[in-house]
Amino acid sequence: MSDARTAILGRLRASGETGPLPSLDTAVLERRQWSATERMVRLRKGMEAVHTEFLEASPANWPAVVRAFCDREGLNNLLYGPTSEAGAALAATWAASGTQLMPYDRPVEAFKQELFTGVDAGFTGTVGGVAETGGLLLMPGSAEPRLMSLVPPIHIALLRASTIQDSFWSAVKVLGWGRSLPPNALLISGPSKTADIEQTLAYGVHGPKRLIVVLVDDLA
Amino acid sequence: MHAKSSEHEILFRDSASKALLDPQLRANFRRAMDGLITKRRNQFPDPGDLQDLRHLSTAIRSRSLLALPELLEQFEANCTKNGIQVHWAETCEQANELILGIMQARGAKTLVKGKSMVSEEMHLNAYLEAHGIEALESDLGEYIIQLDGETPSHIIMPAIHKNKDQIARQFSQKIKDAKYTEDVDELTAMARRVLRQKFLDADAGLSGVNFAVAETGTLCLVENEGNGRMSTHVPPLHIAVMGLEKVVARLEDVVPLYAILTRSATGQAVSTYFNLITAPRGTDEKDGPQEVHLVILDNGRSRMYADPQLRATLRCIRCGACMNHCPVYTRIGGHAYEAVYPGPIGKILTPQMEGVGVRHDLIHGSSLCGACAEVCPVEIPIPEILVRLRREATHEDVGSDVLGKGTGRTATEDWAWRIWAGVLKRPALYRVATWFATRFGKALPAGAPLIKHWTRTRTKPVPARRSLSERMRTEGANHV
Ligand code: SF4
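Considerations on the overall build of chain A
Inference 1: Each helix and strand counted, chain A has seven helices and twelve strands in total.
Inference 2: Its C-alpha atoms give chain A principal-axis dimensions of about 70 × 45 × 40 Å.
Inference 3: Across the 220 residues that make up chain A, the buried fraction comes to 53%.
Inference 4: The contacts in chain A between residues at least 6 apart in sequence include a share of 72% that link residues at least 24 apart.
Inference 5: Taken together, the 20 basic and 22 acidic charged side chains of chain A have centroids lying 4 Å from each other.

A word on the site of the ligand
Inference 1: Neighbouring residues of the ligand: B:C316, B:I317, B:R318, B:C319, B:G320, B:C322, B:I345, B:C376, B:P377, B:V378, B:I380 and B:I382.
Inference 2: Taken together, the residues of the shell around the ligand break down into ten nonpolar, one polar and one charged.

Describing a nonpolar patch on the surface
Residues and elements named next belong to chain B.
Inference 1: A contiguous nonpolar patch, built from W417, W420, L424 and Y430 and spanning about 480 Å² of accessible area, is present on the exposed surface.
Inference 2: Ranked by the residues each element gives to the nonpolar patch, the list is headed by helix 19 (residues 411-425), at three residues.
Inference 3: Within the element layout of this structure, W420 appears in helix 19.

Here we look at the packing of aromatic side chains
The description of an aromatic ring pair rests on the distance of the ring centres and on the angle between the ring planes.
Inference 1: Per the stated rule, a full pass over the model turns up twelve aromatic pairs over all chains.
Inference 2: Relative to B:Y258, the ring of A:F168 has its centre 6.0 Å away and its plane inclined at 75°; by these criteria the two rings are edge-to-face. With one member in each of two chains, A:F168 in helix 7 (residues 168-175) and B:Y258 in helix 12 (residues 251-266) form a pair that bridges those chains. Take A:F168 and B:Y258: they sit in the same class, and that class is buried.
Inference 3: With a centroid separation of 5.5 Å and 85° between ring planes, the pair formed by B:F29 and B:Y329 is classed as edge-to-face.

Quick look at a positive patch on the surface
Inference 1: Together, B:R13, B:K452, B:R456 and B:R458 line one region of the surface with positive charge.
Inference 2: Tracing the sequence through the fold places B:R13 in helix 1 (residues 12-20).

Notes on empty space enclosed by the protein
Residue and element names in this part refer to chain B.
Inference 1: Taken as a whole, this structure holds five cavities of 30 Å³ or more when the rule is applied.
Inference 2: Its volume calculated, the largest cavity comes out at about 110 Å³.
Inference 3: Of all the secondary structure elements, the ones that give two or more residues to the lining of the largest cavity are helix 16 (343-354), helix 17 (371-375) and helix 18 (382-394).
Inference 4: Per-element tally for the lining of the largest cavity: the top contributor is helix 18, with three residues.

A short note on the sheet that holds strand 8 (residues 164-165) of chain A
Inference 1: Taken in spatial order, the eight strands make up an open sheet running 8(A)-5(A)-6(A)-9(A)-9(B)-6(B)-5(B)-8(B), and their pairing is mixed. Looking at the sheet topology across the chains shown, the edges are occupied by strand 8 of chain A together with strand 8 (247-248) of chain B.
Inference 2: Pairing geometry for strand 5 (residues 211-213) of chain B and strand 8 of chain B, over two bridges, is parallel. Pairing of B:A212 across the sheet is with B:V247, part of strand 8 of chain B.

As for the domain arrangement of chain B
Interfaces are often sized by the amount of accessible area the parts lose when they come together.
All names here are of chain B.
Inference 1: Each assigned domain of chain B is listed here: domain 1 (1-43 + 309-409), domain 2 (67-299) and domain 3 (412-474).
Inference 2: Distance between the C-alpha centres of domain 1 and domain 2: 25 Å.
Inference 3: Contacts between the two partners involve 28 residues from domain 1 and, on the opposite side, 32 residues from domain 2.
Inference 4: Summing both sides of the interface, domain 1 and domain 2 together bury roughly 2500 Å²; the carbon and sulfur share of this comes to 62%.
Inference 5: For the pair domain 1 and domain 2, the interface holds one salt bridge.
Inference 6: A salt bridge links R318 to E245, with the nearest nitrogen and oxygen atoms 3.6 Å apart.
Inference 7: At the boundary of domain 1 with domain 2, the tally comes to seven residue pairs in polar contact (both at pLDDT 80 or more).

Criteria and thresholds
- Per chain, residue numbering runs from 1 following the sequence as it is written.
- Here every chain gets a letter starting at A, and every ligand a number starting at 1, in the order they are written.
- Only residues with pLDDT of at least 70 are given local features in this predicted model, and only at 80 or more are side-chain atom pairs given and counted; all residues enter the totals for whole chains, interfaces and linings.
- Side-chain numbers come from the whole structure's heavy atoms, not from hydrogens or water.
- Each helix is a run of DSSP H or I of at least 4 residues and each strand a run of E of at least 2, with the numbering of both proceeding from the N terminus.
- Think of it in three bands: with a 1.4 Å probe and only protein chains considered, a residue is buried below 20% of the maximum accessible area for its type, exposed above 50%, and partly exposed in between.
- Residues count as neighbours in contact if any of their non-hydrogen atoms are within 4.5 Å of one another.
- Think of it this way: Lys and Arg go in the positive column, Asp and Glu in the negative one, and His and the chain ends go nowhere.
- Note on charges: their place is set at NZ of Lys, CZ of Arg, CG of Asp or CD of Glu.
- Residues are labelled near a given molecule or strand when at least one of their non-hydrogen atoms is within 4 Å of it.
- As a working rule, the residues Ala, Val, Leu, Ile, Met, Phe, Trp, Tyr, Cys and Pro are called nonpolar, Asp, Glu, Lys and Arg charged, and the rest polar, with Gly in that last group.
- In this scheme, patches are assembled from residues that exceed 30% relative accessible area and form no salt bridge. Like charges are connected within 9 Å, while nonpolar side chains (Val, Leu, Ile, Met, Phe, Trp, Tyr) are connected within 5 Å.
- Areas reported as accessible are Shrake-Rupley estimates using a 1.4 Å probe. Residue values count occlusion only from the protein chains shown.
- A pairing counts as a salt bridge when a side-chain nitrogen of Lys or Arg comes within 4 Å of a carboxyl oxygen of Asp or Glu.
- For Phe, Tyr and Trp, rings pair up if their centres lie within 6.5 Å, where Trp contributes its six-membered ring, and each pair is then called stacked (planes under 30 degrees apart), edge-to-face (over 60) or tilted (otherwise).
- Buriedness of a pocket was judged along seven lines, with at least five required to meet protein on both sides within 12 Å; pockets are open sets of points on a 1 Å grid over the protein atoms alone, cavities are sets where a 1.4 Å probe fits but cannot get out, and lining residues have an atom within 4 Å of a point.
- Grid points are joined across faces, edges and corners, and a volume is the space filled by probe spheres set on the points.
- In this description, strands pair whenever DSSP reports at least two bridges between them.
- Residue ranges assigned to the domains are those given by an automatic or database domain assignment.
- Buried area: the accessible surface (1.4 Å probe) lost by two parts on joining, summed over both.
- In the analysis that follows, any N or O atom pair within 3.5 Å is treated as a polar contact, provided that within protein one partner can donate a hydrogen and the other can accept it, and provided that, for residues neighboring in sequence, both atoms belong to side chains.

Next comes the structure, spelled out in structure tokens:
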């Protein structure tokens, strides 16, 4: 259909309505600034308002916090990325009994059915958070495949307080997403939800029914 | 002069009148729209911030349009570099054929769809089904209306015209093994069960595109449910469709547009998911689609682009705020428009896509109150564009590119104006006509032809006993 391409671009060019580009005043995006502690509080407040659950942890004890959650919920298994930093740290101290760690180490085609019906929860790291509105930034990829944060009914995400940015605007700048982006990048603010039936909020429509943030206070 | 009879036309007047008589429909809409208006208002506590964000958003959309051909080329080049295959379609037909071709080349027989208004514009589902491909909507609202063979009544909340009882009845009849329940969580769980299996089995997934980033070759998708992520990441093949106006220069441009989109649309500061897709599954990746295709659709957009005033139509980010605040839409709902895009934005889009003559009375079904322009996050002057299209419908202005210009005249309107012009051109006749109107206007029955359309819902105006010029002649003017 390169004919269509030529015709469309030709018509757009012929329209010739060019002119000085209007200037962009981005001050409104830069007004939002908080201290590191305030950022942590804001993020939590924003995400809790949309049913995200928080587990408090320290840099040393977060694997134990994840473990305790799994035991408490009686999860059979937890999907994780064995080569990701967070995944490797989690596996290092995982006790063999109880909830089984399940590595996402094969192409999805090899266990699609199991992924959909036999996995209780998925565990991923994050690359940052957004204080203004509440949200996690994720960069899935080879170490933590894309479906880990989507298909299992519970998504457990590890967030270090020091990586929380003021706003999505500042996060895009800090992460350098403006210039080049990974194959998939995500902003996630809560568990999957819908208001399509009579404007009534219902959680867990297609994606995870629960989002658990393990918030590591590394500000000290 | 074309005098077009309105016999075969879908009359907005008729469908709107019918909708007004349906108390259930009106109650459903009133409740939903009031909720959305309040939620949006709460998201903008500072009017100064709102105006700054609107001006910025408007400037970004205008800038992107000014550079549109260059941005589209840059976007295409970067997508291609990332492994996304780009296709172009001038018409909906071409776009449908392209999608069918992409699916057939992979032997794909089933398609799960994330929400996409462009695919509605293309009537893609019907086309694919006619070619033996199952196309299933997975957005809960879209799924609900697809079960009943309906079309969306709102661009953001497609099933907003239905209430819980109606959906409960529908699910219990149409979903296998479903019991009757009015519990929203249980209804949602039923849809989840059905659709999860569909995601798992589907050969291909389709999505729209909220924003396209030229500099990185990225498709941005905004959603709450996760069905968009499912449709784009579970099946081995992902096909995206977008109108050609969606492209912006940089990801930084998307940030304010995204912020104002979710706040204007559903009164949320942020959506549950903001999904940025830049490439298909990489060689070292374990999931994600093996192939990503993008179809860029024109369907009249380049014609809107050519006109300096109408080009503003293309700034739209499809937030739906104009319909939520429209005194007409909130009373009659979306179906009365009998068009893919309802509400104020639909009133300016539909005639430009299908022709001003075809939808002649649609552009008149507005009081031009301006509520839409006041809330529009990208400041589209919808009332001004409506007035312009009203002119286009009845004139054949040289230099105008509007589809079907001049074809919206009706014989009655034509005659009325001819008589009016004839009288005004002849002073003697004018005086006689005024004399009759002032003396006997009162006697004209309210049910007289033509007049009855006005008097059906309004009191009949009574002309003054003497016209202004008569009184000036006899009483003189008091020049202050
Ligand atoms: S015209 Fe404006 S208010 Fe209406 S949908 Fe488009 S962006 Fe939103």
